[in-house]
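The primary structure of each chain is shown beneath.
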Amino acid sequence: MRVAVLGAGAIGAYVGAALHRGGTDVHLIARGAQLAALRERGVTVLSPRGDFLARPPATGDPAEVGPVDYVFLGLKAQQYATCGALLEPLLGPETAVIAAQNGIPWWYFHGLAGHALEGRRIEAVDPEGTVSSVIPVRRAIGCVVYCSTEIAEPGVIRHLEGTRFAIGEPDGSVSRRCLDFSAAMVAGGLKCPVESDLRNDIWVKLMGNVAFNPLSALTRATMVQIATHPGARRLVGSMMAETLAVARATGSTPGVSIDRRLAGAERVGHHRTSMLQDLEAGKEMETGAILGAVVELAELTGVPAPTLRDVHAAVDLLARTSTRPPAGTAAGRPTAAPDPQPPARKVEPA
């Protein structure tokens, strides 16, 4: 099995190191100081489960790797549409792309035979089909990450909590390619269940992200500050309730209560969400996949979601007034290939 990690930042390098430790032929793709450190010293993982060092090959040029069996995509969702130049050299006829992203994926309504919205494109995450043209749905394996890591320094990954990477096919089948990748992850010391309905996992994770990410960006507060402020806690509860209603309207039944998600956020403590970190760094925030897509699904299904709409409007205005368009953009839409080294912290705690 050959695996390429496109976007070997905090989560990507951690997964790559684990796969290498388990015996997989894995190749890391990064840039800048991270790439230099990976080449010179490998990946050092600092973890409460035990520190370890892995030295998989690393490059900034995917053409040096060539076609692989799996691409683990560690980029942010808004970078998918412009990653074609980086992704294409890694693709063979049967290459699967494992998209470890926050929020609603571009493939969400594909593979749902008989569903009223089967095949429907979600513009918030696949504008004009730009993502599905780069990553055809037949290649997609979904991935919901219950793991938190950060780059302590280039080449050094601090694992904070969680080792679960749930994966699944858009059509709900338990495929051979999912089972094989799961076995490789387990051999590396990670949990990787193959779910027959990954959409439920998506909504469980999204219940927290849909509220805490935008509210943290708007208020500069940490997760525990939001969860313990009475007014903010009520606002989070309203956003979660509306999100659950949208999930049920699309046919999913996430098995988690609002109280449980709020309690989980309190336990995380003074964590600054990825959206807040991106805002403070002047980077594009993941508003489309995390919040915009849920608002779009509410409109498609006729679910009243006034709180989600209002917060989305506020955070969208924040994005427009606080960040400059990245180099190589036109009309706010990226046109250049993204840097394959994402921000230091990729995925929120569960």
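None of these values were measured; they are calculated from a predicted model.

**Quick look at the nonpolar core**
Part 1 of the reasoning: Of all hydrophobic cores here, the largest spans 74 residues; its most connected members are I104, W106, W203 and F212.
Part 2 of the reasoning: Element by element, the count of residues in this core is highest for helix α6 (residues 198–219), at 11 residues.
Part 3 of the reasoning: Apart from the residues lying within four places of it in its own chain, the contact partners of I104 are I122, V125, I202, W203, L206, A289, A293, V294 and L297.
Part 4 of the reasoning: In terms of nonpolar packing, the next biggest core, distinct from the first, is built from 40 residues, V15, F72, I98 and I151 among them.

**Quick word on the environment of G168**
Part 1 of the reasoning: Tracing the backbone through its elements, the reader meets G168 in strand β9 (residues 156–168).
Part 2 of the reasoning: What makes G168 buried here is its relative accessible area of 0%.
Part 3 of the reasoning: Placed 109 residues apart in sequence, G168 and Q277 show a C-alpha to C-alpha distance of 29 Å.
Part 4 of the reasoning: The residues contacting G168, other than those within four sequence positions of it, are I141, G142, C178, E195 and L198.

**Brief notes about helix α12 (residues 306–322)**
Part 1 of the reasoning: Along its 17 residues, α12 runs 24 Å from first to last C-alpha, staying within 8% of the 24 Å computed at 1.5 Å per residue.
Part 2 of the reasoning: Where α12 is concerned, the buried positions are T307, L308, V311, V315 and L318. Projected down its long axis, α12 carries its buried residues within an arc of 90°, all on one side. Along α12, the residues that are exposed and aim more than 90 degrees away from the buried face are D310, L317, R320 and T321.
Part 3 of the reasoning: Contacts made by the buried residues of α12 are with α6, α8 (230–249), α10 (274–280) and α11 (287–301).

**A closer look at the packing of aromatic side chains**
Part 1 of the reasoning: In this structure the tally under the stated criterion is 5 aromatic pairs.
Part 2 of the reasoning: Summarising the aromatic geometry, the rings of Y80 and W106 are spaced 5.8 Å apart at their centres and angled 90° between planes, so their arrangement reads as edge-to-face. Taken as a pair, Y80 in the loop between β6 (68–73) and α3 (84–87) and W106 in the loop between β7 (91–100) and α4 (130–134) lie far apart in primary sequence, 26 residues in all.
Part 3 of the reasoning: Its relative accessible area of 1% is what places W106 among the buried residues.
Part 4 of the reasoning: Ring geometry for Y108 and W203: centres 6.2 Å apart, planes at 85°, overall edge-to-face. Of this pair, Y108 sits in the loop between β7 and α4 while W203 is found in helix α6, placing the two residues 95 residues apart along the sequence. Each member of the pair, Y108 together with W203, is buried.
Part 5 of the reasoning: Through successive ring pairs, a cluster of aromatic residues spans Y108, F109 and W203.
Part 6 of the reasoning: One Lys or Arg, R199, reaches over the ring of Y108 and ends 5.3 Å from the middle of that ring.
Part 7 of the reasoning: Above the face of the Y146 ring, K205 is positioned so that its terminal group lies 5.7 Å from the ring centre.

**Looking at the pairing of β6**
Part 1 of the reasoning: The buried count for β6 comes to 5 of 6 residues, which makes it a mostly enclosed element.
Part 2 of the reasoning: Note that strand β1 (residues 2–6) and β6 share 4 bridges and pair parallel. Bridging from a neighbouring strand, V5 pairs with F72 of β6.
Part 3 of the reasoning: Where β6 lies against β7, 5 bridges are found, and the strand directions are parallel. Across the sheet, V68 pairs through a bridge with L91, a residue of β7.

Scoring rules and cut-offs
Residues numbered from 1 in each chain as written. Predicted model: local features only at pLDDT ≥ 70, side-chain atom pairs only at ≥ 80, totals over all residues. Heavy atoms only, no water. Core = buried A, V, L, I, M, F, W, Y, C linked by side-chain atoms within 4.5 Å. Buried < 20%, exposed > 50% of the residue type's maximum accessible area, 1.4 Å probe, protein only. Helix = DSSP H or I, 4+ residues; strand = E, 2+ residues; numbered from the N terminus. Contact = heavy atoms within 4.5 Å. Expected span 1.5 Å × (residues − 1). Arc of directions from axis to C-beta. Phe/Tyr/Trp six-rings, centres within 6.5 Å; stacked < 30°, edge-to-face > 60°. Lys NZ or Arg CZ within 6 Å of the ring centre and 35° of its normal. Pairing = 2+ DSSP bridges.

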